[in-house]
Amino acid sequence: MWKGFLSKLPRKSSASGRGDLDSGQCSNGAGNGNPTQRTSSCGGSSVPSGRSTSTIKRMSSAIFPSSVVAGIEPLVSFKNVPNSEKQNLFVSKLNLCCAVFDFSDPNKSSAEKDIKRQTLLDLIDFVDSCNSRFSEPVIAASSRMFAVNLFRVFPPNYRSSSSGGGEGEEDEPMFEPAWSHLQLVYELLLKFIGSSSLDSKMGKKYFDHSFIVKLLNLLDSEDPRERDCLKTILHRIYGKFMVHRPFIRKAVSNIFYHFVFETDRHNGIAELLEVFGSVISGFALPLKEEHKIFLWRALVPLHKPKSVGVYLQQLTYCVTQFIDKDPKLAGSVIIGLLRYWPVTNSQKEVMFLSEIEEILESTSMVEFQKCMVPLFRRIAHCIMSSHFQVAERALFIWNNDHIINLIAQNRQMIMPIIVPALEHNSQNHWNQAVLNLTANVKKIFSEMDEELFSACLTKCKEDEEKQVSLESKRRLTWEKLESAAAFQPVTGHTAVLVGRQPSANLIATLI
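Here the structure is a predicted model, which is why all the values come from computation and not from measurement.

**Side note on the overall build of the protein chain**
Next, step 1: Along the backbone of the protein chain there are 23 helices and zero strands.
Next, step 2: With 511 residues in all, the protein chain has 48% of them scored as buried.
Next, step 3: Accessible surface, the protein chain: about 25300 Å² in total, of which carbon and sulfur atoms supply 52%.

Now the structure itself:
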């Protein structure tokens, strides 16, 4: 058992250096039913202070390779070594934690897993308590340990995350069996990155673009606990290393493009949007062109996938943050939403209508006038929808005072578009709640401008009469055609072509 464990240990110890980390913590979760116990040192591996150094050496040499324990025993508690040796012990413990175990069998290598877990706890406690900067060898060893433990390829996902458009249609989450170790590694990484003792100029060499890309790839994990930790760590990296910010934005944009236009499947879109919600709120004014392009090319197309309901709340927050920063963006955002409007998905239509209302609350009069005609044509279609939730949600827009004010000042353009839809509902809709809301909106229009409302009703009735007359004339024309065809003999094997629309010459002859 020990031979298998020792064969995974690195054969090289790192140089000395000391370090300190600020406190930071991922959300805790239990792995394999074992809740994480936090201790000040390794519980089953600390050595009583009365033991001599030679005793410690003999104990370690019986268990670990001499290349690992050369200079210092990795299972010793930090409190049992002098300050000058704590950096060496830190690196030695990091090297010990580079051993990765198979958690598919809980009973396999249980003793070694326990040692590694306690060593990780010891590292976290040391990071919390030390008070000097980390040296370059310590940063290099830490980066290597994080990479060895965290970066891995996920198995193929045969479950479709885009089977529905609703918020409640997510698959049951799958939990990572190695979480009891991974959680501690993530917590150590969070504390390490967030520490004021980590020099960003030195750290950027090891937490580089390659490290960030691999970290972003982990956000496709099916374990929500892992994605939650990664979300916090990504935000901390974005704040710590300013030099990496443009690259992070570009890398996240590429993930969005890949999701929207290629795979339609990714588990971490909501977490990425949550991070960028706070990032967008920190953008300086005036907004850079790069940031506007991110809105138009990445955020607006994210409304296209069927699974938009899973991350709509975070997406809406990001979009409204942009509009709060620059109100002139509202018109182009609404036009973009109309471009991706889900005409065949009623559940998504309800979501879009909710987002439209939230955007309109922040929209100025000038921007509203740029998009009001196509917007209210779409709303009119929603009002006439046979799906009562779509029609109901569209009519709820008139409960918003700011939107009513916008409509009132542009009623000459909007009322002729909406009134026919209201009349259609009054005569044909099956749902009583929709009928009541329709009557309420008609009352609002009547009080807003009774003369214009009456003119719209009159025109609507005239259009209906014209439509009835046209249908009657069309029906009469077809009857004449059928009558003429009945007296036209079919001789021999002559094929008869029956078209749906009579030719203009034939109609003219019959008339």
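Moving on from the model shown.
**Side note on the packing of helix α9 (residues 209–217) against helix α11 (residues 245–263)**
Next, step 1: Interhelical geometry of α9 versus α11 gives an angle of 35° and a closest axis separation of 11 Å. Viewed along their axes, α9 and α11 form a crossing whose handedness is right-handed. Residues H209, I212, V213 and L216 of α9 pack against F247, I248, A251, V252 and I255 of α11.
Next, step 2: Tallied by class, the residues present in the contact of α9 with α11 amount to eight nonpolar, one polar and no charged.

**Things to note about the side chain of T438**
Next, step 1: Relative to the helices and strands, T438 is located in helix α21 (residues 432–448).
Next, step 2: Among all residues touching T438, those that are not within four sequence positions of it are L395, L422, N425 and S426.

**Side note on helix α13 (residues 289–299)**
Next, step 1: The set of residues buried in α13 consists of H291, K292, F294, L295, A298 and L299. One side of α13 holds all its buried residues, which, seen down the axis, span an arc of 165°.

**What to know about the nonpolar core**
Next, step 1: The biggest cluster of nonpolar side chains holds 133 residues, and the ones touching the most others in it are L299, F376, W398, I418 and F445.
Next, step 2: In this structure F376 touches F368, W398, I407, I414, I417 and I418, once residues within four positions along its chain are discounted.

**Some points on helix α4 (residues 83–96)**
Next, step 1: Its 14 residues give α4 an end-to-end C-alpha distance of 20 Å, which sits within 8% of 20 Å, the value for a rise of 1.5 Å per residue.
Next, step 2: α4 sits mainly inside the fold: ten of its 14 residues count as buried.
Next, step 3: Considered for burial, the residues of α4 that qualify are K86, Q87, L89, F90, V91, S92, K93, L94, N95 and L96.

Each value, and the rule that gives it
- Residues numbered from 1 in each chain as written.
- Predicted model: local features only at pLDDT ≥ 70, side-chain atom pairs only at ≥ 80, totals over all residues.
- Heavy atoms only, no water.
- Helix = DSSP H or I, 4+ residues; strand = E, 2+ residues; numbered from the N terminus.
- Buried < 20%, exposed > 50% of the residue type's maximum accessible area, 1.4 Å probe, protein only.
- Areas by Shrake-Rupley, 256 points an atom, 1.4 Å probe, with all protein chains shown as cover.
- Axes fitted to C-alpha atoms, helices over the stretch in contact; angles between N-to-C directions.
- Left-handed = near helix turned anticlockwise from the far one by under 90°.
- Contact = heavy atoms within 4.5 Å.
- Nonpolar A, V, L, I, M, F, W, Y, C, P; charged D, E, K, R; others polar.
- Arc of directions from axis to C-beta.
- Core = buried A, V, L, I, M, F, W, Y, C linked by side-chain atoms within 4.5 Å.
- Expected span 1.5 Å × (residues − 1).

Everything listed is a geometric property; what it means functionally is a separate question.
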